[in-house]
Amino acid sequence: MLLPRLRSYIIRKTLVSLLNLLRLIHRKAQTFVLFFRMSKPTSDLENQFSAPSPPPFDPTQPAVPISYPIKTLEELESGSYFESFHYPFNKASVALQSASSSLLLPNRPRVIVCHDMDGGYGDDRWVQGGTNSNAYAIWHWYLMDVFIYFSHSLVTLPPPCWTNTAHRHGVKVLGTFITEWDEGTLICNKLLSTEESAQKYAKCLTELAVALGFDGWLINMEVELKSSQIPNLKVFVSHLTQTMHSSVPGSLVIWYDSVTTDGKLNWQDQLNEKNKPFFDICDGIFVNYTWKKNYPMLSADVAGDRKYDVYMGIDVFGRGSFGGGQWNTSVALDVLKRDGVSTAIFAPGWIYETNQPPNFQIAQNHWWALVEKSWGIAQNYPKVLPFYSNFDQGHGYHFSVDGEQVSDAPWCNISSQGFQPFLEYTDNSTPDGIQVHIDFREASYSGGGNITFKGKLEDNAIFTARLFQGDLLLGDLPLHFTYSVKSENNSQLGLCLNFSSALKEIKSVLLVSQNLNQLSSKFNKVIMTRQLQKPGTSPGWVIQESNISMSGYRLTEINALCYQSEPEFDERRQNSLSEGQDNSCSQNPTDYYAVLGHISIETFGHNSGFPPSDLWLVEGQYIKWTTGSKGSKNLSLKITWKLKDGNDYAFRNYNIYVEKLAEDARGHPGATLGVREYLGVARVEAFYVSDLEVPSGTSNIKFIIQVSGVGGSSQKLTESPVFLLDTEAW
């Protein structure tokens, strides 16, 4: 059995196959460790290796919610996944954003990004977030159309963090159905045994996508098949495509170029008569990545008017890929763009996995800048209202809510990504002028990141930086802008907005807190912002707001504008200098430093109120106590909440806090023991608390669910729904 299989792989590319085999063995070992370890997320490797082996993973038992794949047809058929404790936590909560009623892919060359990293389900498996502040993430969503989550398990279900963030940015998300090796042959024998079985399993896959909120499937049948099985394979692909289309508008089923119509495992590296019958019954083909220079053009000819549904693969690791992948990925992209077909970029995590210098943040921005230069921008935002961005990449060293830092612990959660700015990469080893970057160390206004502007700025000079390229049609109601700024000395930060009319007339509007004569002539309109007072905001943050009426125009660009106000006596600065504080940025009048914390755009008069706490039904489930140390106890439970009226309101997320209360003299909950503790963020109406330490003397535990709106604001904690747990009753 082994020799024939090796021969088939040698025909393809001996080196490529051996590398893939070694990588698969490595992944299988990692997967075994991953899914039979149900401890909390931790960065303490020593504790992981010294701890006793945990019991086998039982998905029906309460535990820290994780994402995981389905590994057998029996599990897929039985629907046991829907009985899992983890299932409700894995539902995506963000619908696919679209500026139009149509969810169809644009009629142009497109970009698929296929995420493949160490077998999948790494830091992203922790649905409620992990503790690795350096976890992998993608933030260049504006350069892609479709995102595929890939692993070598039979049914790869995308963790909801990827679906939530991709949908927010207008990008579709696909899971993967894969059969490979001897195990895959046995699976296909059952899957394709009859026409009815093929339809049954296709229906099961559709039900999973609908329930979890993602947009379709990549089908990778990477095994030798009997020619008699091909008709039922076509039934499987066709039925999956039809059921997905009828259940999820705009959904996709993509065929991977592997097995051919005669059942041979023979990668074609192009669209031709051996794989086109599969292409004809689904939404596109992911062509294997070892294609030659003329294959894209040949494939386009075969596809005809569906040439944009041909996605030529590029392996970023470069294993036989045209151009060599890695930093030369754009070599292949240039050829594909010229020939008018689409692309599927496989494993861009290469940057992270190989520790490309000087660090992941800079290397990632550099690599995607090459993609943008070759291919251009695929997405625009803002395109719908309300629009909110805190520039969070989904990881950090602290966490803030509405200008107040609520946690100083490292964390990661890709679901927390705000809309990502279109920051331009500059390769400048000797910085001159203003440098712009996402900052995770500086205190944030919301989430764990912000945009920092730092450098030199001459008197009366201005500097602009691209933030977003939008496609937002404005109606009769004015737009309401708010944004937060923290700056030093006379450094000022405004927003420059570009609008376009139906006749392509361009108008520029500047939002600034101070009216400077040198700026007026450069813009069609200069609007003075108002400072918004927001109790609870940390010192230093200034919140600006303004209304703009541009009916019939499209908002096409949002840029940051850096400038300096007129020099004036700054009592705060003089005091800080006299006290001997180090403030290097304030010693030179041309030094500039400002931080942009968030941007929010809503229709003027938009109701951003929240349902009062008494309209919520909050419950505790699976309550479990264990003995702690020094008289304390540990509490685990699932908290759920829903509105009593049954209405489904659109909320961005829920921040979860806990207060431990001591009993007063009358036996009622009294003073708080310690400070209010931030536990995490939920995207669904449930949160699991694991091993919460409860000190002796605690009479009640108060869990607070703070509702956050899609426009960025959060409900006051004093008005938020709560769950009060009497410790004496347990």
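Thresholds applied
- Residues numbered from 1 in each chain as written.
- Predicted model: local features only at pLDDT ≥ 70, side-chain atom pairs only at ≥ 80, totals over all residues.
- Heavy atoms only, no water.
- UniProt positions renumbered as here; feature names shortened; annotations may be inferred.
- Helix = DSSP H or I, 4+ residues; strand = E, 2+ residues; numbered from the N terminus.
- Buried < 20%, exposed > 50% of the residue type's maximum accessible area, 1.4 Å probe, protein only.
- Contact = heavy atoms within 4.5 Å.
- Pairing = 2+ DSSP bridges.
- Axes fitted to C-alpha atoms, helices over the stretch in contact; angles between N-to-C directions.
- Salt bridge = Lys/Arg side-chain N within 4 Å of Asp/Glu carboxyl O.
- Lys, Arg positive; Asp, Glu negative; His and termini not counted.
- pLDDT = per-residue confidence, 0-100.
- Parallel < 35°, antiparallel > 145°, perpendicular 65-115°, else oblique.
- Left-handed = near helix turned anticlockwise from the far one by under 90°.
- Nonpolar A, V, L, I, M, F, W, Y, C, P; charged D, E, K, R; others polar.
- Phe/Tyr/Trp six-rings, centres within 6.5 Å; stacked < 30°, edge-to-face > 60°.
- Lys NZ or Arg CZ within 6 Å of the ring centre and 35° of its normal.
- Disulfide = S-S within 2.5 Å.
- Core = buried A, V, L, I, M, F, W, Y, C linked by side-chain atoms within 4.5 Å.
- Domains from an automatic or database assignment.
- Right-handed = clockwise from strand over helix to strand, strands pointing away.

Under an unreviewed UniProt entry, the name given to the protein chain is mannosyl-glycoprotein endo-beta-N-acetylglucosaminidase, and the source organism is Prunus persica. Database annotation for the protein chain, UniProt heading Function (unreviewed entry): "Endoglycosidase that releases N-glycans from glycoproteins by cleaving the beta-1,4-glycosidic bond in the N,N'-diacetylchitobiose core. Involved in the production of high-mannose type N-glycans during plant development and fruit maturation." As recorded by UniProt, the Catalytic activity (unreviewed entry) comment attached to the protein chain reads in full: "an N(4)-(oligosaccharide-(1->3)-[oligosaccharide-(1->6)]-beta-D-Man-(1->4)-beta-D-GlcNAc-(1->4)-alpha-D-GlcNAc)-L-asparaginyl-[protein] + H2O = an oligosaccharide-(1->3)-[oligosaccharide-(1->6)]-beta-D-Man-(1->4)-D-GlcNAc + N(4)-(N-acetyl-beta-D-glucosaminyl)-L-asparaginyl-[protein]".

## A closer look at the overall build of the protein chain
For the protein chain, the count of helices and strands is 14 helices and 33 strands. Taken across its 730 residues, the protein chain has 56% of its residues classed as buried. Across the protein chain, contacts joining residues at least 24 apart in sequence account for 75% of those joining residues at least 6 apart.

## Here's the deal with the sheet that holds strand E20 (residues 506-512)
Across the sheet, which stays open at both edges, the five strands sit in the order E17-E24-E19-E20-E21 with mixed pairing between neighbours. Bordering the open sheet on either side are strand E17 (463-473) and strand E21 (525-528), each of which pairs with just one other strand. Strand-to-strand twist across the sheet, computed as the mean angle between neighbouring axes with direction ignored, equals 20°.

## A look at unusual backbone geometry
Following Pro357, the chain continues to Pro358 via a peptide bond in cis, the omega torsion being 0°. Relative to the helices and strands, Pro358 resides in the loop between helix H11 (350-353) and helix H12 (360-375). A positive phi is found at Asp402, a non-glycine position, where the angle reads about 50°. Looking at the secondary structure, you find Asp402 in the loop between strand E12 (399-401) and strand E13 (404-407).

## Structural notes on the pattern of salt bridges
Going through the model one piece at a time under the given rule, you end up with 14 salt bridges. The partner of Lys190 in a salt bridge is Glu74, with the nearest N and O atoms 3.0 Å apart. Note that Lys190 is positioned in helix H5 (residues 181-191) and Glu74 in helix H3 (residues 73-78), a separation of 116 residues in sequence. On the basis of relative accessible area, Glu74 is assigned to the partly exposed category, the value being 46%. Across the salt bridge formed by Asp471 and Arg554, the nearest N and O atoms sit 3.0 Å from each other. Here Arg554 lies in strand E24 (residues 554-564) and Asp471 lies in strand E17, a separation of 83 residues in the sequence.

## Concerning the sheet that holds strand E27 (residues 633-643)
The three strands are arranged E26-E27-E31 in an open sheet whose pairing can be described as antiparallel. In this open sheet, the two edge strands, each paired with only one partner strand, are strand E26 (616-627) and strand E31 (686-694). Within this sheet the neighbouring strands show an average axis-to-axis angle of 20°, counted without direction. Pairing of E26 with E27 involves ten bridges; the strand directions are antiparallel. In the sheet register, Trp625 faces E27, and the bridge partner there is Leu635.

## Quick word on the side chain of Lys172
Relative to the elements of secondary structure, Lys172 occurs in strand E4 (residues 172-180). The charged side chain of Lys172 is buried without a salt bridge, its nearest counter-charge being Asp215 at 6.8 Å.

## Some details on helix H10 (residues 329-339)
Within H10, the full set of buried residues consists of Thr329, Ser330, Ala332, Leu333, Val335, Leu336 and Asp339. Two residues or fewer past H10, Gly340 is found with a positive phi of approximately 75°.

## Re the confidence of the model for the protein chain
The share of residues in the protein chain with pLDDT of 70 or more is 87%, and the mean pLDDT across the chain is 89. Confidence over residues 42-49 falls short of pLDDT 50; this stretch has four contacts with residues more than four positions distant or in other chains.

## What about the packing of H10 against H12?
Their axes nearest at 9 Å, the elements H10 and H12 cross at an angle of 20°. As the angle between them shows, H10 and H12 are arranged roughly parallel. Seen along the crossing, H10 lies across H12 with a hand that is right-handed. For the pair H10 and H12, the contacting residues are Thr329, Ser330, Leu333, Asp334, Leu336 and Lys337 in the first and Trp367, Leu370, Val371, Ser374 and Trp375 in the second.

## A look at the packing of helix H6 (residues 195-212) against helix H7 (residues 230-247)
Relative to each other, H6 and H7 sit at 30°, their axes nearing to 8 Å. Regarding H6 and H7, the two cross each other, and that crossing is right-handed. In this structure, H6 contributes Glu195, Ala198, Gln199, Tyr201, Ala202, Lys203, Leu205, Thr206, Ala209 and Val210 to the contact, and H7 contributes Asn232, Val235, Phe236, His239, Leu240, Thr243, Met244 and Ser247. Residues that form the contact of H6 with H7 fall into these classes: ten nonpolar, six polar and two charged.

## Things to note about the packing of aromatic side chains
Applying the stated rule across the entire model yields 43 aromatic pairs. Where Tyr381 meets Phe468, the ring centres are 6.1 Å apart and the plane angle is 55°; that geometry is what we call tilted. You can see Tyr381 sitting in the loop between H12 and strand E10 (387-389) and its partner Phe468 sitting in strand E17, a full 87 residues away along the chain. Given a relative accessible area of 0%, Tyr381 falls into the buried group. Ring pairing ties together the aromatic residues Tyr136, Trp139, Trp141, Phe147, Trp162, Tyr352 and Phe360, which thus form one cluster. Across from the ring centre of Trp375, 5.3 Å away, lies the NZ or CZ of Lys337, which sits over that ring. In this arrangement the basic side chain of Arg441 is found over the ring face of Tyr397, its NZ or CZ atom lying 3.7 Å from the centre.

## Topic: the state of the cysteines
Going through the model one piece at a time under the given rule, you end up with zero disulfides. Just so you know, Cys412 is unpaired, no disulfide at all, and the nearest cysteine sulfur is the one on Cys161, 8.8 Å from it. Residue Cys412 is classed as buried on the basis of its relative accessible area of 5%.

## Considering the nonpolar core
Core analysis: the biggest nonpolar cluster contains 152 residues, and Trp217, Leu233 and Phe236 have the highest contact counts within it. For this core, the leading source of residues is H6, giving eight residues. Counting the residues that make up this core, at least three belong to each of domain 1 (73-91 + 110-122 + 140-375) and domain 2 (387-565 + 588-603). Setting aside its immediate chain neighbours within four residues, Phe236 contacts Phe177, Leu191, Leu192, Ala198, Tyr201, Ala202, Leu205 and Ile219. By size, the runner-up hydrophobic cluster in this structure holds 24 residues, among which are Ala682, Val689, Leu692 and Val707.

## Observations regarding the side chain of Ser67
Residue placement: Ser67 occurs in the loop between helix H2 (45-50) and H3. Judged by relative accessible area, which is 1%, Ser67 ranks as buried.

## Describing the pairing of strand E7 (residues 284-287)
Taking every second residue as pointing to the same face, both faces of E7 are buried, with Gly284 and Phe286 on one and Ile285 and Val287 on the other. With three bridges connecting them, strand E6 (residues 252-256) and E7 associate as parallel partners. In the strand pairing of E7, Trp255 is matched with Ile285. Where E7 meets strand E8 (residues 310-315), three bridges bridge the pair, whose relative direction is parallel. Counted as the bridge partner of Ile285 is Val310 from E8. With helix H9 (residues 295-303) bridging E7 and its parallel neighbour E8, the resulting β-α-β unit is right-handed.

## Side note on the environment of Val237
Residue placement: Val237 occurs in helix H7. A sequence separation of 45 residues divides Val237 from Cys282, and the C-alpha atoms of the two residues are 6.8 Å apart. In contact with Val237, not counting residues within four places along its chain, are Trp255, Phe278, Ile281 and Cys282.

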